[in-house]
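Examination of the molecular architecture
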Amino acid sequence: MQLGPKGNLEIYNHRRQKLLEKIKDGVAIFFAHPEQIRNNDAHHKYRQDSTFYYLTGFTEPESVIVLDGKTSKFSLFVREKDATRELWDGFRYGLDGAKKFFGPDQVFSIKDLASKLPELIKESQRVYYRYGDHREHDEVVLEAMQAARRAKGRSGLGFPDLIDGNSIVGEMRLIKSDDEADLLRKAGHITSMGHIAGMKATRPGMFEYELEAIIESEFRRLGSERLGYNSIVGTGANATVLHYVFNDDKLAENQLVLVDAGAEYGYYTGDITRTYPTNGKFTAAQKKLYEGVLKVQKECVSFVKPGIRLADIHNKSIHGLIDVMLDLGLLKGSAQEIFEKKTFTKYFPHGTSHWLGMDVHDSGIYQIDGQSRLLEKGMCFSVEPGLYVPQDDSSAPSEFRGIGIRIEDDILVTANGYENLTKDAPKEVNEIEDLVGSSV
Ligand SMILES: [Mn+2]
(Lines give C-alpha, C1' and ligand atoms only; values in the text may rest on other atoms or scores of the structure.)
Protein backbone atom coordinates (compact mmCIF):
# COMPACT_ATOMS: atom_id res chain seq x y z
CA MET A 1 0.00 0.00 0.00
CA GLN A 2 1.05 3.56 -0.64
CA LEU A 3 1.60 5.51 2.58
CA GLY A 4 0.54 9.07 3.25
CA PRO A 5 -2.36 11.16 2.01
CA LYS A 6 -3.58 11.01 -1.59
CA GLY A 7 -2.30 13.98 -3.51
CA ASN A 8 0.10 16.55 -2.14
CA LEU A 9 0.33 17.08 1.64
CA GLU A 10 0.34 20.81 0.84
CA ILE A 11 -3.34 20.62 -0.20
CA TYR A 12 -4.33 19.61 3.32
CA ASN A 13 -1.94 22.06 4.99
CA HIS A 14 -3.45 24.84 2.93
CA ARG A 15 -7.01 23.90 3.92
CA ARG A 16 -6.14 23.83 7.62
CA GLN A 17 -4.36 27.15 7.27
CA LYS A 18 -7.48 28.67 5.71
CA LEU A 19 -9.62 27.27 8.49
CA LEU A 20 -7.24 28.62 11.17
CA GLU A 21 -7.72 32.10 9.73
CA LYS A 22 -11.49 31.72 10.04
CA ILE A 23 -11.55 30.49 13.65
CA LYS A 24 -9.22 33.31 14.80
CA ASP A 25 -8.35 32.57 18.45
CA GLY A 26 -10.81 29.68 18.80
CA VAL A 27 -10.10 25.96 18.88
CA ALA A 28 -11.64 23.55 16.37
CA ILE A 29 -12.26 19.85 17.02
CA PHE A 30 -13.15 17.24 14.39
CA PHE A 31 -13.74 13.54 14.96
CA ALA A 32 -13.21 10.72 12.51
CA HIS A 33 -16.43 8.95 11.60
CA PRO A 34 -17.21 6.17 14.11
CA GLU A 35 -17.11 2.59 12.87
CA GLN A 36 -20.53 0.98 12.44
CA ILE A 37 -21.36 -2.59 13.41
CA ARG A 38 -23.33 -4.52 10.78
CA ASN A 39 -23.97 -7.59 12.89
CA ASN A 40 -22.09 -9.29 15.74
CA ASP A 41 -18.43 -8.46 15.13
CA ALA A 42 -18.77 -7.66 11.41
CA HIS A 43 -18.51 -3.99 10.50
CA HIS A 44 -19.90 -1.95 7.65
CA LYS A 45 -17.10 -1.02 5.29
CA TYR A 46 -15.42 2.03 6.77
CA ARG A 47 -15.31 5.38 5.06
CA GLN A 48 -13.75 8.43 6.68
CA ASP A 49 -15.90 11.45 7.49
CA SER A 50 -15.64 13.86 4.55
CA THR A 51 -14.72 16.93 6.58
CA PHE A 52 -12.09 14.99 8.52
CA TYR A 53 -10.63 13.72 5.26
CA TYR A 54 -10.77 17.18 3.68
CA LEU A 55 -8.58 18.54 6.47
CA THR A 56 -6.05 15.70 6.74
CA GLY A 57 -6.28 13.01 4.06
CA PHE A 58 -6.18 10.60 7.02
CA THR A 59 -8.49 7.60 6.61
CA GLU A 60 -8.36 5.78 9.96
CA PRO A 61 -11.26 5.65 12.41
CA GLU A 62 -10.78 6.63 16.08
CA SER A 63 -8.91 9.80 15.23
CA VAL A 64 -9.41 13.41 16.29
CA ILE A 65 -8.13 16.72 14.92
CA VAL A 66 -7.60 19.72 17.21
CA LEU A 67 -6.68 23.02 15.59
CA ASP A 68 -5.68 25.92 17.81
CA GLY A 69 -6.26 29.30 16.20
CA LYS A 70 -4.05 31.11 18.73
CA THR A 71 -0.92 29.01 18.25
CA SER A 72 -1.79 27.61 14.78
CA LYS A 73 -0.97 24.19 16.25
CA PHE A 74 -2.39 21.08 14.57
CA SER A 75 -2.79 18.17 17.01
CA LEU A 76 -3.80 14.73 15.83
CA PHE A 77 -5.04 11.87 18.01
CA VAL A 78 -4.71 8.43 16.41
CA ARG A 79 -4.76 4.73 17.29
CA GLU A 80 -1.49 3.27 18.56
CA LYS A 81 0.32 0.55 16.65
CA ASP A 82 -1.00 -2.83 17.80
CA ALA A 83 0.55 -6.01 16.41
CA THR A 84 -2.44 -8.20 17.27
CA ARG A 85 -5.06 -5.83 15.86
CA GLU A 86 -2.95 -5.25 12.76
CA LEU A 87 -2.67 -9.01 12.24
CA TRP A 88 -6.48 -9.19 12.18
CA ASP A 89 -7.56 -5.86 10.70
CA GLY A 90 -4.52 -4.58 8.84
CA PHE A 91 -2.08 -1.71 8.93
CA ARG A 92 -2.28 1.28 11.24
CA TYR A 93 -0.05 4.33 11.01
CA GLY A 94 0.37 4.64 14.76
CA LEU A 95 1.72 7.80 16.33
CA ASP A 96 5.04 7.90 14.48
CA GLY A 97 3.52 7.10 11.09
CA ALA A 98 0.79 9.70 11.49
CA LYS A 99 3.37 12.31 12.47
CA LYS A 100 5.65 11.45 9.59
CA PHE A 101 3.08 11.28 6.80
CA PHE A 102 0.30 13.71 7.77
CA GLY A 103 2.28 16.58 9.26
CA PRO A 104 0.68 17.35 12.64
CA ASP A 105 2.66 19.53 15.05
CA GLN A 106 1.96 17.01 17.78
CA VAL A 107 0.43 13.57 17.81
CA PHE A 108 -1.24 11.73 20.70
CA SER A 109 -2.76 8.35 21.34
CA ILE A 110 -6.55 8.35 21.02
CA LYS A 111 -6.54 6.68 24.45
CA ASP A 112 -5.35 9.98 25.92
CA LEU A 113 -8.05 12.10 24.32
CA ALA A 114 -10.09 12.65 27.49
CA SER A 115 -7.05 13.62 29.55
CA LYS A 116 -5.36 15.83 26.91
CA LEU A 117 -8.33 17.63 25.36
CA PRO A 118 -9.02 20.02 28.31
CA GLU A 119 -5.40 21.18 28.11
CA LEU A 120 -5.72 21.85 24.37
CA ILE A 121 -8.90 23.92 24.60
CA LYS A 122 -8.49 25.71 27.92
CA GLU A 123 -7.02 28.94 26.57
CA SER A 124 -9.94 29.54 24.23
CA GLN A 125 -13.33 31.08 24.80
CA ARG A 126 -14.65 29.59 21.57
CA VAL A 127 -14.80 25.92 20.63
CA TYR A 128 -15.70 24.96 17.07
CA TYR A 129 -17.36 21.57 17.13
CA ARG A 130 -20.52 20.13 15.55
CA TYR A 131 -22.64 19.17 18.51
CA GLY A 132 -25.38 16.52 18.15
CA ASP A 133 -24.09 14.20 15.42
CA HIS A 134 -22.58 11.56 17.71
CA ARG A 135 -23.46 11.35 21.39
CA GLU A 136 -20.23 9.59 22.31
CA HIS A 137 -18.21 12.45 20.81
CA ASP A 138 -20.42 15.12 22.39
CA GLU A 139 -19.75 13.53 25.77
CA VAL A 140 -15.97 13.82 25.36
CA VAL A 141 -16.11 17.45 24.21
CA LEU A 142 -18.52 18.48 26.96
CA GLU A 143 -16.33 16.82 29.63
CA ALA A 144 -13.28 18.59 28.25
CA MET A 145 -15.00 21.97 28.22
CA GLN A 146 -16.10 21.49 31.83
CA ALA A 147 -12.63 20.38 32.88
CA ALA A 148 -11.06 23.32 31.06
CA ARG A 149 -13.40 25.72 32.83
CA ARG A 150 -12.69 24.20 36.24
CA ALA A 151 -8.95 24.38 35.62
CA LYS A 152 -9.18 28.11 35.00
CA GLY A 153 -10.41 28.72 38.53
CA ARG A 154 -12.29 31.95 39.20
CA SER A 155 -11.99 33.83 35.93
CA GLY A 156 -15.46 35.32 35.76
CA LEU A 157 -15.75 33.79 32.33
CA GLY A 158 -18.56 31.41 31.55
CA PHE A 159 -18.59 28.26 29.56
CA PRO A 160 -16.80 28.65 26.20
CA ASP A 161 -19.03 29.38 23.20
CA LEU A 162 -19.77 26.35 21.08
CA ILE A 163 -19.86 27.00 17.32
CA ASP A 164 -20.49 24.47 14.57
CA GLY A 165 -17.06 23.90 13.00
CA ASN A 166 -18.43 21.68 10.24
CA SER A 167 -20.49 24.55 8.85
CA ILE A 168 -17.34 26.62 8.49
CA VAL A 169 -15.51 23.85 6.66
CA GLY A 170 -18.75 23.24 4.76
CA GLU A 171 -18.52 26.70 3.23
CA MET A 172 -14.92 25.95 2.21
CA ARG A 173 -15.95 22.60 0.72
CA LEU A 174 -18.74 24.27 -1.25
CA ILE A 175 -16.27 26.05 -3.54
CA LYS A 176 -14.28 23.42 -5.40
CA SER A 177 -10.61 24.06 -6.20
CA ASP A 178 -9.13 22.96 -9.53
CA ASP A 179 -7.82 19.78 -7.87
CA GLU A 180 -11.27 19.00 -6.53
CA ALA A 181 -12.89 19.77 -9.90
CA ASP A 182 -10.51 17.22 -11.47
CA LEU A 183 -11.64 14.54 -9.02
CA LEU A 184 -15.31 15.41 -9.60
CA ARG A 185 -14.74 15.31 -13.35
CA LYS A 186 -13.20 11.86 -13.03
CA ALA A 187 -16.02 10.66 -10.77
CA GLY A 188 -18.53 12.02 -13.31
CA HIS A 189 -16.79 10.22 -16.14
CA ILE A 190 -16.57 6.87 -14.32
CA THR A 191 -20.21 7.21 -13.29
CA SER A 192 -21.17 7.87 -16.93
CA MET A 193 -19.28 4.77 -18.08
CA GLY A 194 -21.04 2.65 -15.46
CA HIS A 195 -24.42 3.87 -16.69
CA ILE A 196 -23.45 3.06 -20.27
CA ALA A 197 -22.37 -0.46 -19.24
CA GLY A 198 -25.75 -0.85 -17.52
CA MET A 199 -27.69 0.34 -20.57
CA LYS A 200 -25.83 -2.06 -22.85
CA ALA A 201 -26.57 -5.06 -20.62
CA THR A 202 -30.21 -4.26 -19.93
CA ARG A 203 -32.83 -6.79 -21.07
CA PRO A 204 -36.29 -7.83 -19.91
CA GLY A 205 -36.07 -10.77 -17.51
CA MET A 206 -33.02 -9.60 -15.61
CA PHE A 207 -33.32 -8.52 -11.99
CA GLU A 208 -32.78 -4.99 -10.78
CA TYR A 209 -29.87 -6.17 -8.63
CA GLU A 210 -28.18 -7.74 -11.66
CA LEU A 211 -28.26 -4.42 -13.43
CA GLU A 212 -27.04 -2.76 -10.26
CA ALA A 213 -24.07 -5.15 -10.08
CA ILE A 214 -23.10 -4.57 -13.73
CA ILE A 215 -23.06 -0.79 -13.25
CA GLU A 216 -21.14 -0.98 -9.98
CA SER A 217 -18.67 -3.46 -11.43
CA GLU A 218 -17.81 -0.99 -14.19
CA PHE A 219 -17.33 1.74 -11.55
CA ARG A 220 -14.80 -0.46 -9.75
CA ARG A 221 -13.08 -1.55 -12.93
CA LEU A 222 -12.44 2.12 -13.73
CA GLY A 223 -10.90 2.90 -10.35
CA SER A 224 -13.80 3.87 -8.12
CA GLU A 225 -13.10 2.70 -4.55
CA ARG A 226 -16.74 2.68 -3.51
CA LEU A 227 -20.17 4.13 -4.24
CA GLY A 228 -21.19 7.65 -3.34
CA TYR A 229 -24.57 6.31 -2.14
CA ASN A 230 -26.64 3.15 -2.51
CA SER A 231 -27.75 2.67 -6.10
CA ILE A 232 -31.42 2.96 -6.99
CA VAL A 233 -32.53 0.60 -9.75
CA GLY A 234 -36.32 0.72 -10.11
CA THR A 235 -38.18 -0.84 -12.98
CA GLY A 236 -41.78 -0.03 -13.93
CA ALA A 237 -43.74 1.54 -11.08
CA ASN A 238 -40.78 1.09 -8.72
CA ALA A 239 -39.38 4.14 -10.49
CA THR A 240 -42.13 6.25 -8.94
CA VAL A 241 -40.68 5.56 -5.47
CA LEU A 242 -38.11 8.32 -5.04
CA HIS A 243 -35.63 6.51 -2.81
CA TYR A 244 -36.50 2.96 -3.84
CA VAL A 245 -34.12 0.62 -1.99
CA PHE A 246 -35.16 -2.97 -2.69
CA ASN A 247 -33.68 -3.48 -6.18
CA ASP A 248 -35.04 -7.05 -6.24
CA ASP A 249 -37.72 -6.92 -8.92
CA LYS A 250 -37.56 -8.43 -12.39
CA LEU A 251 -37.44 -6.14 -15.43
CA ALA A 252 -40.45 -6.73 -17.67
CA GLU A 253 -41.07 -5.87 -21.33
CA ASN A 254 -42.21 -2.34 -22.12
CA GLN A 255 -41.17 -0.90 -18.80
CA LEU A 256 -38.86 2.00 -18.11
CA VAL A 257 -36.10 1.36 -15.62
CA LEU A 258 -34.80 4.27 -13.55
CA VAL A 259 -31.18 4.06 -12.42
CA ASP A 260 -29.73 6.55 -9.92
CA ALA A 261 -26.13 5.57 -9.18
CA GLY A 262 -22.86 7.36 -8.49
CA ALA A 263 -19.23 6.26 -8.31
CA GLU A 264 -16.93 7.79 -5.75
CA TYR A 265 -13.39 8.61 -6.86
CA GLY A 266 -10.74 10.00 -4.50
CA TYR A 267 -13.50 10.83 -2.00
CA TYR A 268 -15.58 12.79 -4.56
CA THR A 269 -18.77 11.38 -6.01
CA GLY A 270 -20.76 11.39 -9.20
CA ASP A 271 -24.57 11.34 -9.11
CA ILE A 272 -26.35 10.39 -12.31
CA THR A 273 -29.91 9.33 -13.00
CA ARG A 274 -30.94 7.86 -16.32
CA THR A 275 -34.28 6.32 -17.28
CA TYR A 276 -34.60 3.97 -20.25
CA PRO A 277 -36.79 1.25 -21.77
CA THR A 278 -36.02 -2.31 -20.66
CA ASN A 279 -36.22 -3.62 -24.23
CA GLY A 280 -34.48 -0.67 -25.87
CA LYS A 281 -37.54 0.94 -27.43
CA PHE A 282 -39.68 3.67 -25.86
CA THR A 283 -43.43 3.21 -26.17
CA ALA A 284 -45.28 6.25 -27.51
CA ALA A 285 -46.48 7.24 -24.04
CA GLN A 286 -43.08 6.71 -22.42
CA LYS A 287 -41.45 8.79 -25.11
CA LYS A 288 -43.87 11.70 -24.68
CA LEU A 289 -43.22 11.86 -20.95
CA TYR A 290 -39.48 11.28 -21.35
CA GLU A 291 -38.98 13.96 -23.97
CA GLY A 292 -40.92 16.41 -21.80
CA VAL A 293 -38.60 15.85 -18.83
CA LEU A 294 -35.51 15.84 -21.07
CA LYS A 295 -36.35 19.20 -22.62
CA VAL A 296 -36.80 20.76 -19.19
CA GLN A 297 -33.60 19.18 -17.87
CA LYS A 298 -31.55 20.50 -20.78
CA GLU A 299 -33.03 23.97 -20.43
CA CYS A 300 -32.18 24.00 -16.73
CA VAL A 301 -28.59 22.84 -17.35
CA SER A 302 -27.89 25.37 -20.08
CA PHE A 303 -29.22 28.15 -17.84
CA VAL A 304 -26.42 27.70 -15.26
CA LYS A 305 -23.88 30.49 -14.79
CA PRO A 306 -22.45 32.53 -11.94
CA GLY A 307 -24.87 35.06 -10.47
CA ILE A 308 -28.06 33.06 -10.79
CA ARG A 309 -29.53 31.02 -7.89
CA LEU A 310 -30.51 27.38 -7.38
CA ALA A 311 -34.02 28.74 -6.76
CA ASP A 312 -34.04 30.18 -10.31
CA ILE A 313 -33.13 26.76 -11.71
CA HIS A 314 -35.79 25.08 -9.59
CA ASN A 315 -38.42 27.58 -10.73
CA LYS A 316 -37.44 27.03 -14.33
CA SER A 317 -37.76 23.31 -13.78
CA ILE A 318 -41.20 23.68 -12.15
CA HIS A 319 -42.56 25.95 -14.89
CA GLY A 320 -41.23 23.66 -17.61
CA LEU A 321 -42.66 20.55 -16.00
CA ILE A 322 -46.03 22.23 -15.43
CA ASP A 323 -46.21 22.87 -19.17
CA VAL A 324 -45.44 19.21 -19.83
CA MET A 325 -48.08 18.08 -17.33
CA LEU A 326 -50.70 20.37 -18.89
CA ASP A 327 -49.72 19.23 -22.37
CA LEU A 328 -50.07 15.57 -21.54
CA GLY A 329 -53.28 15.95 -19.53
CA LEU A 330 -51.78 15.07 -16.16
CA LEU A 331 -52.96 18.37 -14.72
CA LYS A 332 -55.70 20.76 -15.77
CA GLY A 333 -56.17 24.48 -15.16
CA SER A 334 -53.92 27.49 -15.34
CA ALA A 335 -50.15 27.16 -15.11
CA GLN A 336 -50.02 30.14 -12.77
CA GLU A 337 -52.49 28.63 -10.35
CA ILE A 338 -50.76 25.24 -10.43
CA PHE A 339 -47.51 27.01 -9.61
CA GLU A 340 -48.95 29.12 -6.81
CA LYS A 341 -50.94 26.31 -5.20
CA LYS A 342 -48.05 23.88 -5.71
CA THR A 343 -50.34 21.21 -7.14
CA PHE A 344 -47.47 20.19 -9.44
CA THR A 345 -45.91 18.45 -6.40
CA LYS A 346 -48.30 15.57 -7.04
CA TYR A 347 -46.01 14.50 -9.91
CA PHE A 348 -42.83 16.48 -9.17
CA PRO A 349 -42.42 16.27 -5.40
CA HIS A 350 -38.69 16.93 -4.95
CA GLY A 351 -36.17 19.73 -5.46
CA THR A 352 -34.18 20.13 -8.67
CA SER A 353 -30.70 20.42 -7.18
CA HIS A 354 -28.43 19.63 -4.26
CA TRP A 355 -24.77 20.47 -3.69
CA LEU A 356 -22.42 17.74 -4.81
CA GLY A 357 -18.86 16.99 -3.78
CA MET A 358 -17.30 14.63 -1.26
CA ASP A 359 -20.83 13.84 -0.09
CA VAL A 360 -23.64 13.24 -2.54
CA HIS A 361 -25.70 15.77 -0.61
CA ASP A 362 -22.71 17.97 0.00
CA SER A 363 -22.10 20.56 2.68
CA GLY A 364 -22.69 24.26 2.17
CA ILE A 365 -25.46 26.66 3.09
CA TYR A 366 -28.31 26.93 0.57
CA GLN A 367 -29.86 30.20 1.69
CA ILE A 368 -28.39 33.46 2.88
CA ASP A 369 -30.74 35.85 4.68
CA GLY A 370 -33.67 33.73 3.63
CA GLN A 371 -32.77 33.86 -0.05
CA SER A 372 -31.26 31.21 -2.29
CA ARG A 373 -27.57 32.19 -2.55
CA LEU A 374 -25.87 33.39 -5.73
CA LEU A 375 -23.95 30.77 -7.66
CA GLU A 376 -20.18 31.20 -7.89
CA LYS A 377 -17.41 29.58 -9.88
CA GLY A 378 -16.44 26.27 -8.29
CA MET A 379 -19.87 25.32 -6.94
CA CYS A 380 -21.11 21.93 -8.05
CA PHE A 381 -24.64 20.56 -7.92
CA SER A 382 -27.12 18.19 -9.51
CA VAL A 383 -29.83 19.17 -11.99
CA GLU A 384 -32.50 16.49 -11.76
CA PRO A 385 -36.08 17.24 -12.73
CA GLY A 386 -38.46 14.27 -12.80
CA LEU A 387 -42.07 13.23 -13.20
CA TYR A 388 -43.61 10.32 -11.32
CA VAL A 389 -47.11 9.06 -12.04
CA PRO A 390 -48.32 6.58 -9.40
CA GLN A 391 -49.71 3.28 -10.70
CA ASP A 392 -53.04 3.79 -8.89
CA ASP A 393 -53.54 7.42 -9.94
CA SER A 394 -56.98 7.21 -11.54
CA SER A 395 -56.93 10.92 -12.43
CA ALA A 396 -53.95 10.50 -14.77
CA PRO A 397 -54.35 9.33 -18.39
CA SER A 398 -53.99 5.54 -18.11
CA GLU A 399 -51.08 5.38 -20.56
CA PHE A 400 -48.88 7.33 -18.11
CA ARG A 401 -49.74 5.44 -14.91
CA GLY A 402 -46.84 3.65 -13.26
CA ILE A 403 -44.16 5.62 -15.10
CA GLY A 404 -41.39 7.40 -13.21
CA ILE A 405 -38.74 9.45 -15.01
CA ARG A 406 -35.78 11.37 -13.66
CA ILE A 407 -32.81 12.70 -15.62
CA GLU A 408 -29.86 13.94 -13.60
CA ASP A 409 -26.48 15.47 -14.44
CA ASP A 410 -23.70 16.98 -12.33
CA ILE A 411 -22.97 20.60 -13.11
CA LEU A 412 -19.90 22.62 -12.16
CA VAL A 413 -20.15 26.41 -12.27
CA THR A 414 -17.31 27.96 -14.31
CA ALA A 415 -16.22 31.59 -14.67
CA ASN A 416 -18.71 32.27 -17.47
CA GLY A 417 -21.13 29.38 -17.44
CA TYR A 418 -21.02 25.74 -16.57
CA GLU A 419 -19.39 22.40 -17.26
CA ASN A 420 -21.53 19.27 -17.42
CA LEU A 421 -19.38 16.68 -15.63
CA THR A 422 -21.64 13.81 -16.68
CA LYS A 423 -22.13 14.68 -20.34
CA ASP A 424 -20.67 11.26 -21.28
CA ALA A 425 -23.83 9.51 -20.07
CA PRO A 426 -26.24 9.52 -23.04
CA LYS A 427 -29.76 10.85 -22.52
CA GLU A 428 -31.16 11.52 -26.01
CA VAL A 429 -33.89 9.09 -27.09
CA ASN A 430 -32.02 7.82 -30.17
CA GLU A 431 -28.74 7.37 -28.25
CA ILE A 432 -30.50 5.41 -25.55
CA GLU A 433 -32.40 3.24 -28.02
CA ASP A 434 -29.12 2.42 -29.77
CA LEU A 435 -27.34 1.51 -26.55
CA VAL A 436 -29.88 -0.39 -24.48
CA GLY A 437 -29.47 -4.13 -24.86
CA SER A 438 -26.65 -3.74 -27.39
CA SER A 439 -24.33 -6.14 -25.52
CA VAL A 440 -27.02 -8.74 -24.74
MN1 LIG B 1 -29.01 13.58 -6.91
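Calculation rules
Residues numbered from 1 in each chain as written. Predicted model: local features only at pLDDT ≥ 70, side-chain atom pairs only at ≥ 80, totals over all residues. Heavy atoms only, no water. Donors = N, O, S within 2.8 Å, 3.2 Å for Na, K, Ca; no water. Helix = DSSP H or I, 4+ residues; strand = E, 2+ residues; numbered from the N terminus. Buried < 20%, exposed > 50% of the residue type's maximum accessible area, 1.4 Å probe, protein only. Pairing = 2+ DSSP bridges. Axes fitted to C-alpha atoms, helices over the stretch in contact; angles between N-to-C directions. Contact = heavy atoms within 4.5 Å. Domains from an automatic or database assignment. Buried area = accessible area lost by both parts, 1.4 Å probe. Salt bridge = Lys/Arg side-chain N within 4 Å of Asp/Glu carboxyl O. Polar contact = N/O pair within 3.5 Å; in protein donor to acceptor, adjacent residues only side chain to side chain. Nonpolar A, V, L, I, M, F, W, Y, C, P; charged D, E, K, R; others polar. Lys, Arg positive; Asp, Glu negative; His and termini not counted. Core = buried A, V, L, I, M, F, W, Y, C linked by side-chain atoms within 4.5 Å. Phe/Tyr/Trp six-rings, centres within 6.5 Å; stacked < 30°, edge-to-face > 60°. Lys NZ or Arg CZ within 6 Å of the ring centre and 35° of its normal.

Right, let's talk about the coordination of the manganese ion for a bit. Distances from the manganese ion to its protein donors, namely Asp 271 (OD), His 354 (NE2), Glu 384 (OE) and Glu 408 (OE), fall within the range 2.0 to 2.5 Å. Sequence spacing among the residues donating to the manganese ion works out to D-x82-H-x29-E-x23-E. Here His 354, found in the loop between α12 (335-340) and β15 (367-368), pairs with Glu 408, found in the loop between β19 (403-406) and β20 (409-413); they are 54 residues apart in sequence, far enough to count as distant. By relative accessible area, Glu 408 is classed as buried at 0%.

So, on to the sheet that holds strand β1 (residues 27-31). If you walk across this open sheet you meet the 6 strands as β6-β5-β4-β1-β7-β8, and the pairing is mixed. Strands with a single pairing partner mark the edges of an open sheet, and in this sheet they are β6 (106-109) and β8 (161-163). Along the sheet, successive strands turn relative to each other by an average axial angle of 20°, direction set aside. The pairing of strand β7 (residues 126-128) with β8 spans 3 bridges and is parallel. Bridge pairing in β8 links Val 127 to Leu 162. Helix-sheet contacts for helix α5 (residues 113-121) involve β1, β4 (64-68), β5 (73-78), β6 and β7, and the interaxial angle to β1 is about 155°.

Taken domain by domain, the protein chain comprises domain 1 (9-172) and domain 2 (175-435). Across the contact, 11 residues belong to domain 1 and 13 residues belong to domain 2. Three residues stand out in domain 1 for area buried against domain 2, namely Arg 47, Tyr 53 and Glu 171, and they jointly supply 45% of the buried area on that side. At the surface where domain 1 touches domain 2, the tally comes to 3 salt bridges. Between Arg 47 and Glu 264 there is a salt bridge, with its nearest N and O atoms 3.0 Å apart. Viewed at the interface, domain 2 and domain 1 are joined by 6 residue pairs in polar contact (both at pLDDT 80 or more). Of the residues that constitute the side of domain 1 that touches domain 2, the class distribution is 4 nonpolar, 4 polar and 3 charged.

With that out of the way, let us pick up unusual backbone geometry. With the exception of glycine, the majority of residues adopt a negative phi angle, and the majority of peptide bonds are in the trans configuration. Of note, Asn 247 is a non-glycine position whose phi angle comes to about 50°, a positive value. On the secondary structure map, Asn 247 appears in the loop between β10 (232-235) and β11 (256-261). Take Asn 247: its relative accessible area is 3%, and that puts it in the buried class. Its identity is not glycine, yet Asp 369 carries a phi of approximately 50°, on the positive side. Topologically, Asp 369 is positioned in the loop between β15 and β16 (371-372). Given the relative accessible area of 80%, Asp 369 is considered exposed.

Okay, the pattern of salt bridges next. Counting across every chain of the model gives 30 salt bridges. As a salt-bridge pair, Arg 85 and Asp 89 come within 2.9 Å of each other at their nearest N and O atoms. Of this pair, Arg 85 and Asp 89 both sit in helix α3 (residues 83-89), separated by 4 residues, roughly a single helical turn. When the shortest N-O distance is used, the salt bridge between Glu 171 and Arg 373 registers 2.9 Å. Separated by 202 residues along the polypeptide, Glu 171 in helix α7 (residues 165-174) and Arg 373 in the loop between β16 and β17 (380-383) bring together distant segments of the chain. For Glu 171, a relative accessible area of 25% corresponds to the partly exposed category. Relative accessible area serves as the criterion here: at 9%, Arg 373 is assigned to the buried category. Because the salt bridges share partners, they merge into one network encompassing Arg 173, Lys 176, Asp 359 and Asp 362.

Despite being buried, Glu 408 has no salt bridge partner; Arg 406 is the closest side chain of opposite charge, sitting 4.8 Å away. Reaching out from Glu 408, the side chain makes a polar contact with the side chain of Thr 273 at a distance of 2.7 Å. Among all residues touching Glu 408, those that are not within four sequence positions of it are Asp 260, Asp 271, Ile 272, Thr 273, Arg 274, Gln 297, His 354, Ser 382, Val 383 and Glu 384.

Let's shift gears to the nonpolar core. Formed by 59 residues in total, the largest nonpolar core has its most connected members in Leu 211, Leu 289, Met 325, Leu 375, Phe 381 and Leu 387. Here the element with the most residues in this core is helix α10 (residues 284-302); it accounts for 8 residues. Listed in part, the 35 residues of the second largest apolar core include Phe 102, Tyr 128, Tyr 267 and Leu 412.

The next thing to look at is the packing of aromatic side chains. Scanning the model with the defined rule gives 15 aromatic pairs in all. Ring plane angle 85° and centroid distance 5.8 Å describe the contact between Tyr 244 and Phe 246, whose orientation is recorded as edge-to-face. Its relative accessible area of 61% is what places Phe 246 among the exposed residues. Ring plane angle 45° and centroid distance 4.9 Å describe the contact between Phe 282 and Tyr 290, whose orientation is recorded as tilted. Members of the aromatic cluster, each reached through a chain of ring pairs, are Phe 58, Phe 91, Tyr 93, Phe 101 and Phe 102. A cation over an aromatic ring shows up here: Arg 15 above the ring of Tyr 54, its NZ or CZ 4.1 Å from the ring centre. Above the plane of the ring of Tyr 267 lies Arg 226, whose end atom (NZ or CZ) is 4.8 Å from the centre.

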